[in-house]
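Observations on the three-dimensional arrangement
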Amino acid sequence: MDWVVVRPSLIVGRGGQSTALFSTLAALPMPLRLGAGRWMLQPIHVDDLVESIARPLVPTGPIAVRIDAVGPEAMFTDAITLALRRWLGLVPAPMLRSRAR
């Protein structure tokens, strides 16, 4: 039996729920810091995710594969927030610390 398991990281792209959530947090006057701001994520753009899913759909033989679909760069959550602020045309702002334990 052929199979493919795709395990995506945080998916970003226009119209996506993750992007909307993170962009909303980033757009706050004092963006909310997620945890200590040092959680590592390796976001992947939706277009890259689609390509990684489509590639094995045209097999040249039997297939059994697990794909960890991640972007090219691991980032801290603070860096993702700052990148989204720049994307939104906003300047960096002090982060509001959460009470993560």
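Up top is the structure these notes are about.
None of the values given here were measured: they were computed from a predicted structure. (Residues numbered from 1 in each chain as written. Predicted model: local features only at pLDDT ≥ 70, side-chain atom pairs only at ≥ 80, totals over all residues. Heavy atoms only, no water.)

Thoughts on the overall build of the protein chain
Counting its secondary structure elements, the protein chain contains 3 helices and 6 strands. In sequence order, the protein chain lays out its α and β elements as β-β-α-β-β-α-β-β-α. Taken against the 2.2 N^0.38 rule, which gives 13 Å for 101 residues, the C-alpha radius of gyration of the protein chain at 17 Å runs more than 25% over that of a compact globule. Expressed along its principal axes, the backbone C-alpha trace of the protein chain runs to roughly 55 × 30 × 20 Å. For the protein chain, the computed accessible surface area is about 7100 Å², with 62% contributed by carbon and sulfur atoms. Computed over 11 positive and 7 negative side-chain charges, the inter-centroid distance for the protein chain is 16 Å. (Helix = DSSP H or I, 4+ residues; strand = E, 2+ residues; numbered from the N terminus. Rg over C-alpha atoms; globule rule 2.2 N^0.38 Å. Areas by Shrake-Rupley, 256 points an atom, 1.4 Å probe, with all protein chains shown as cover. Lys, Arg positive; Asp, Glu negative; His and termini not counted. Charge placed at Lys NZ, Arg CZ, Asp CG, Glu CD.)

Observations concerning the environment of Leu96
For Leu96, the position within the fold is in the segment after helix H3 (77-87). The exposure class assigned to Leu96 is partly exposed, which follows from its relative accessible area of 43%. Through-space distance from the C-alpha of Leu96 to that of Met30 is 5.6 Å; in sequence the pair is 66 residues apart. Residues within four places of Leu96 in sequence aside, it is in contact with Met30, Pro31, Leu32 and Arg33. (Buried < 20%, exposed > 50% of the residue type's maximum accessible area, 1.4 Å probe, protein only. Contact = heavy atoms within 4.5 Å.)

Let's talk about the packing of helix H1 (residues 17-27) against H3
Between H1 and H3, the shortest axis-to-axis distance is 9 Å and the interhelical angle comes to 85 degrees. Relative to H3, the element H1 is oriented roughly perpendicular. Listed contacts from H3 to Thr19, Phe22, Ser23, Ala26 and Ala27 of H1 are Ile80, Thr81, Leu84, Arg85 and Trp87. Each residue belonging to the contact of H1 with H3 can be placed in one class, and the counts come to 6 nonpolar, 3 polar and 1 charged. (Axes fitted to C-alpha atoms, helices over the stretch in contact; angles between N-to-C directions. Parallel < 35°, antiparallel > 145°, perpendicular 65-115°, else oblique. Nonpolar A, V, L, I, M, F, W, Y, C, P; charged D, E, K, R; others polar.)

Quick look at H1
Within H1, burial applies to Thr19, Phe22, Ser23, Leu25 and Ala26. Looking down the long axis of H1, one finds its buried residues gathered within 160 degrees of arc, a one-sided arrangement. Exposed residues pointing more than 90 degrees away from the buried face of H1 are listed as Gln17 and Thr24. (Arc of directions from axis to C-beta.)

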